[in-house]
Amino acid sequence: MDKMLSVVLPAYNEEQMIKKTSQVVGDLLEKEQIPYELVFVNDGSKDHTWEKILELKEERAHIKGVCFSRNFGKEGAVFAGIAQAEGDCIAVMDCDLQHPPETLIKMYRLWEDGYQVIEGVKASRGRESFIHKMFAKTFYSIISDATGIDMSRASDFKLMDRQAAEEFLKLPERNVFFRALSSWVGFKTTDVECDVQEREAGESEWSFKSLVQYAVNSITSFSAAP
Ligand code: UDP
Ligand code: MG
């Protein structure tokens, strides 16, 4: 019997993507005969994301929904999704199909081969604004100076086995910087390269202010250097 994969999908104002993403990801996993559940976490969306998730539960099997009363930010949504996931392994991917679903299959196969944490690394950063690129560059050079880990190509697209996920959930750090922490827990780890796709609908919800906030939180929670 194949082992179950949970896919955690944090969703903030993704009403246009819930159905599409569940179709693309769910159909692919069915084709590959991988038992799965999709765990959507509505991170206090201001649109009809939650209603879309509830509708989806009526239409498809293997759908779970978690709903936050307000917007807590992606890191919190990821944490809650992992806590609800029941799979033998757990993947986290964006809900906007920017993380290629085929890579999810590669990750699952690597997990079957015995890897415990499989991290998606960006072959390219996709199309981002100049200011976003500059900001990312500065942010990652501060992070790598402070921690000694090169994170410039890191992403939040990952798959981990149950044991790694349990350890992750036990970490006392609540202001989690998911991208870095999984490399820190210390399991048998590997990378998969992927091309970050362009967003099909909706908008990136990261305002400049929230990016700065994310950067400051991440750096101070991951390093004592400041
Ligand atoms: N997201 C979230 N809470 C937030 C902001 C974003 O759960 O406060 C989700 C969003 O729905 C998406 C993922 O996190 O699934 C990445 O967000 P986005 O696409 O806006 O960021 P980018 O692709 O620019 O990194
Ligand atoms: Mg996106």
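Residues numbered from 1 in each chain as written. Chains lettered and ligands numbered in written order. Predicted model: local features only at pLDDT ≥ 70, side-chain atom pairs only at ≥ 80, totals over all residues. Heavy atoms only, no water.

**Brief notes about the packing of aromatic side chains**
In this structure the tally under the stated criterion is three aromatic pairs. Between Phe68 and Phe72, the ring centres sit 5.1 Å apart and the planes meet at 75 degrees, which makes this aromatic pair edge-to-face. Taken together, a centroid distance of 5.8 Å and an interplanar angle of 50 degrees make the contact between Phe79 and Phe168 tilted. With Phe79 in helix α3 (residues 74-84) and Phe168 in helix α6 (residues 162-170), the pair connects residues that are 89 residues apart, well separated along the chain. Here the two residues Phe79 and Phe168 agree in accessibility, since each one is buried. Over the ring of Phe72 we find Arg70; its NZ or CZ atom is 3.8 Å from the centre of that ring. A cation over an aromatic ring shows up here: Lys188 above the ring of Tyr115, its NZ or CZ 4.5 Å from the ring centre. (Phe/Tyr/Trp six-rings, centres within 6.5 Å; stacked < 30°, edge-to-face > 60°. Helix = DSSP H or I, 4+ residues; strand = E, 2+ residues; numbered from the N terminus. Buried < 20%, exposed > 50% of the residue type's maximum accessible area, 1.4 Å probe, protein only. Lys NZ or Arg CZ within 6 Å of the ring centre and 35° of its normal.)

**Description of the site of ligand 1**
For ligand 1, the set of nearby residues contains 16 residues, the closest of which are Glu14, Asp43, Asp96, Arg199 and Ser204. In this structure, an oxygen atom belonging to ligand 1 sits 3.1 Å away from a side-chain N or O atom of Asn71. Between ligand 1 and the protein, one listed contact pairs an oxygen atom with a side-chain N or O atom of Asp96 at 2.7 Å. Alone, ligand 1 offers 520 Å² of accessible surface; in the complex the protein occludes 88% of this. Its residues placed into classes, the shell around ligand 1 shows five nonpolar, four polar and seven charged. (Near = heavy atom within 4 Å. Polar contact = N/O pair within 3.5 Å; in protein donor to acceptor, adjacent residues only side chain to side chain. Areas by Shrake-Rupley, 256 points an atom, 1.4 Å probe, with all protein chains shown as cover. Nonpolar A, V, L, I, M, F, W, Y, C, P; charged D, E, K, R; others polar.)

**A short note on the coordination of the magnesium ion (ligand 2)**
Summarising the metal site, the magnesium ion (ligand 2) is bound by the protein donors Asp96 (OD) and Gln98 (OE1), whose distances to it range over 1.8 to 2.0 Å. Gln98 matches Asp96 in its accessibility class, with the two residues each being buried. (Donors = N, O, S within 2.8 Å, 3.2 Å for Na, K, Ca; no water.)

**Observations concerning the pairing of strand β3 (residues 63-67)**
In terms of strand pairing, strand β2 (residues 36-42) meets β3 through five bridges, oriented parallel. Residue Val39 lies in a different strand from β3, and its bridge partner there is Lys64. Of the crossover connections in this fold, the one passing from β2 over helix α2 (residues 49-59) to the parallel β3 is right-handed. (Pairing = 2+ DSSP bridges. Right-handed = clockwise from strand over helix to strand, strands pointing away.)

**Quick word on the pattern of salt bridges**
Under the counting rule described, the total for this entry stands at 14 salt bridges. Two residues, Glu119 and Lys158, come together in a salt bridge whose shortest N-O distance is 2.4 Å. Placement of the pair is Glu119 in strand β5 (residues 117-124) and Lys158 in strand β6 (residues 154-161), with a sequence separation of 39 residues. Across the pair, exposure class does not vary: Glu119 and Lys158 are buried alike. (Salt bridge = Lys/Arg side-chain N within 4 Å of Asp/Glu carboxyl O.)

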